[in-house]
Amino acid sequence: MRIRVDPDKCQGHARCYGLAPELFAVDDYGQASVIVDVVPAGLEEKAELAIANCPEYAIERIADD
Amino acid sequence: MTRTTPVSNWATDFDVLDPHYIADPFGIWDDLRSSCPIAHTDRRGSNWLPTRYEDVTAIAHDIEHFSSLKVAVIPVGEDDVDDAGGPALEYGLPPISSDPPLHTWTRRLLLPWFSHRRVESYVALTRDLCQKLLGGFVDDGRADAAADYAQQIPVRVIAHILGVSSDMSDSFTGWVRDILEFGDDPERRTRGSEQLLNYFVSQLEFRRQSPGDDLLSELLHTEVDGAPVPDSIVLGMAALVLIAGVDTTWSAIGSSLWHLATHPDDRERLVVEPDLLPTALEEFLRAYAPVTMARVVTGDVEFGGCPMKEGDKVLMNFPAANRDPEAFDHADAVLLDRAHNRHVAFGSGIHRCAGSNLARMELQVALEEWLAYIPKFTLEAGKEITWAGGQVRGPRVLPVVFQ
């Protein structure tokens, strides 16, 4: 599973970081980013939670090639 | 001096200061959502009140048609000139009462003060404060959970961040209440904003001479595009941090304690499962979102079938959006373990509450410490609870008893 944060949609709510600090970082201005290439085994559920709690619908799955 | 006449038609003549609405708006929103999802009133100007999640978030993102130049839910005066801080503030209270480009750079100056990293450094101070407050009444067997506790916390943390004395907390609270809670009383609102601004004018002078490690000092000594930030903008930003950082979080803490005082199963569950608190507090924020902000219509536009005119206001009903069954399963139920919770208690779009990290931390610590000191409490029988509403909804008097 691979995910990304759309920087144009992210408004810095930081729900992703609160739910899954293993997967996301948030900078001093609130901009979130994904810090892993691939979601490690066992953290898929946390990634799904982050996706489902983002008020801006800013987190997306990257389709596998 | 709340001037309200009874409402007979909520779709065409709503009143956010109606006492029934302030005490229990949820059923009114449900009725509107299924019959007339964007209500209108001509009370205090032409105002629209969306109640659906989809509409509220769409308007929040449409900054072209819906400006933030007037954000007060209760306008002052017929022509609303006194909005957002009074005539002394040429630019109001940026970034909240501004659109890009002013919004963009003023917000960037504030955000680092409320980043996760920075907020982490305020935890010890907040916890110590909560423990001192609780220690002051835990042996009394009763307390006003709003006035003795919730109201006392955010104002002191904000004073620390601004770099002003927490001895002034009671004055700060009074001024902010005059501006937000009693905003329909022009005399009280003017008095509150004048006192607040006068205080910050003197603090700016002091910090200009003796800069400290605080937000006011940094704003005074920052350059944007090679020029210092104009004093009226520094003043507006300082006033915003105080006004927006006090009533709001205090209301969220108070509403959460009200819920726990009236729902013993939920209270017991949080005592047994403290790890659930971060999830539960998002649910408290969803179900009891304190804040409604206004937008002003920039030009005639039809939205959701409503003919909105230039100068109309839209009251951004984030609290009702959070109760929309189209957006949330069992929207009316408070489910402490709600896993999917895309609530918009902190708004949506570019005006997302700049202090949301701070508010979450204060709410977490305040509830954690309360439950540690007072795991079992109920409302005090026969005592009245009072709620404030309008711009910010939350309990103002909340008498509880405990062993």
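As the structure is a prediction and not an experimental result, all values here were calculated from the model.

Asks: Before we go on, may I ask you to explain the overall build of chain A in this structure?
Replies: Helices and strands together make up the secondary structure of chain A, namely 2 helices and 4 strands. The secondary structure elements of chain A, listed N-terminal to C-terminal, are β-α-β-β-α-β. In terms of C-alpha radius of gyration, chain A reaches 11 Å, essentially the compact-globule figure of 11 Å for 65 residues. For chain A, the C-alpha atoms occupy an extent of roughly 30 × 20 × 20 Å along the three principal directions. The 65 residues of chain A split such that 43% are buried. Taking as baseline every contact in chain A between residues at least 6 positions apart, the subset at least 24 positions apart corresponds to 59%. For chain A, the computed accessible surface area is about 3,400 Å², with 49% contributed by carbon and sulfur atoms. Here chain A contributes 6 positively and 13 negatively charged side chains, and the mean placements of these two sets differ by 3 Å.

Asks: Is there a simple way to explain the interface of chain A and chain B in this structure?
Replies: You'll often see interface size given as the accessible area lost when the parts meet. Of the residues lining the interface, 18 residues belong to chain A; the matching set on chain B comes to 24 residues. On the surface where chain A and chain B come into contact, there are 2 salt bridges. Here Glu282 of chain B ties to Arg15 of chain A by a salt bridge, and the two come within 3.6 Å at their closest N and O atoms. For the pair chain A and chain B, the interface holds 11 residue pairs in polar contact (both at pLDDT 80 or more). For the side of chain A that touches chain B, the element with the most residues is helix 2 (residues 44–53) of chain A, which contributes 4 residues.

Asks: Please clarify how the environment of Asp170 of chain B should be interpreted in this entry.
Replies: Structurally, Asp170 of chain B is set in helix 9 (residues 169–181). Setting aside residues up to four positions removed in sequence, Asp170 of chain B forms contacts with Gln152 and Arg156 of chain B.

Asks: Help me understand unusual backbone geometry in this model?
Replies: Leaving glycine out, the prevailing phi sign among residues is negative, and the prevailing peptide bond configuration is trans. Here Pro94 of chain B and Pro95 of chain B are connected by a cis peptide whose omega angle stands at 5 degrees. Residue position: Pro95 of chain B is located in the loop between strand 3 (66–67) and helix 4 (102–110). With an omega of 5 degrees, the peptide bond between Pro100 of chain B and Pro101 of chain B qualifies as cis. Along the chain, the position of Pro101 of chain B falls in the loop between strand 3 and helix 4. Of note in the backbone geometry, Ala14 of chain A takes a positive phi value of approximately 65 degrees without being a glycine. Within the secondary structure, Ala14 of chain A is located in the loop between strand 1 (2–5) and helix 1 (15–19). Unlike most non-glycine residues, Arg44 of chain B shows phi in positive territory, near 55 degrees. Residue position: Arg44 of chain B is located in the loop between strand 1 (38–41) and strand 2 (47–50). A residue is classified by how much of its surface remains accessible, and Arg44 of chain B, at 24% relative accessible area, is partly exposed.

Asks: Can you walk me through the environment of Arg207 of chain B in this structure?
Replies: Residue and element names in this part refer to chain B. Inspection of the secondary structure assignment puts Arg207 in helix 10 (residues 186–209). The spatial distance from the C-alpha of Arg207 to the C-alpha of Gly163 is 9.0 Å, given a sequence separation of 44 residues. With sequence-adjacent residues up to four places away left out, Arg207 is seen in contact with Gly163, Gly212, Asp214, Leu216, Ser217, Leu220 and His221. Within the structure, the side chain of Arg207 is placed 2.9 Å from the backbone oxygen of Gly163, a separation counted as a polar contact.

Asks: I tried to follow the sheet that holds strand 11 (residues 377–379) of chain B on my own but got confused; where do I start?
Replies: Think of a sheet as strands paired side by side through backbone hydrogen bonds, with each pair either parallel or antiparallel. All names here are of chain B. Read across the open sheet, the 3 strands follow the order 4-14-11; overall the sheet is antiparallel. In this open sheet, the two edge strands, each paired with only one partner strand, are strand 4 (142–144) and strand 11. Each adjacent strand pair in this sheet contributes to an overall mean axis angle of 30 degrees, direction not counted.

Cut-offs and rules
- Residues numbered from 1 in each chain as written.
- Chains lettered and ligands numbered in written order.
- Predicted model: local features only at pLDDT ≥ 70, side-chain atom pairs only at ≥ 80, totals over all residues.
- Heavy atoms only, no water.
- Helix = DSSP H or I, 4+ residues; strand = E, 2+ residues; numbered from the N terminus.
- Rg over C-alpha atoms; globule rule 2.2 N^0.38 Å.
- Buried < 20%, exposed > 50% of the residue type's maximum accessible area, 1.4 Å probe, protein only.
- Contact = heavy atoms within 4.5 Å.
- Areas by Shrake-Rupley, 256 points an atom, 1.4 Å probe, with all protein chains shown as cover.
- Lys, Arg positive; Asp, Glu negative; His and termini not counted.
- Charge placed at Lys NZ, Arg CZ, Asp CG, Glu CD.
- Salt bridge = Lys/Arg side-chain N within 4 Å of Asp/Glu carboxyl O.
- Polar contact = N/O pair within 3.5 Å; in protein donor to acceptor, adjacent residues only side chain to side chain.
- Pairing = 2+ DSSP bridges.
- Axes fitted to C-alpha atoms, helices over the stretch in contact; angles between N-to-C directions.

Geometric values such as these leave the question of function open.
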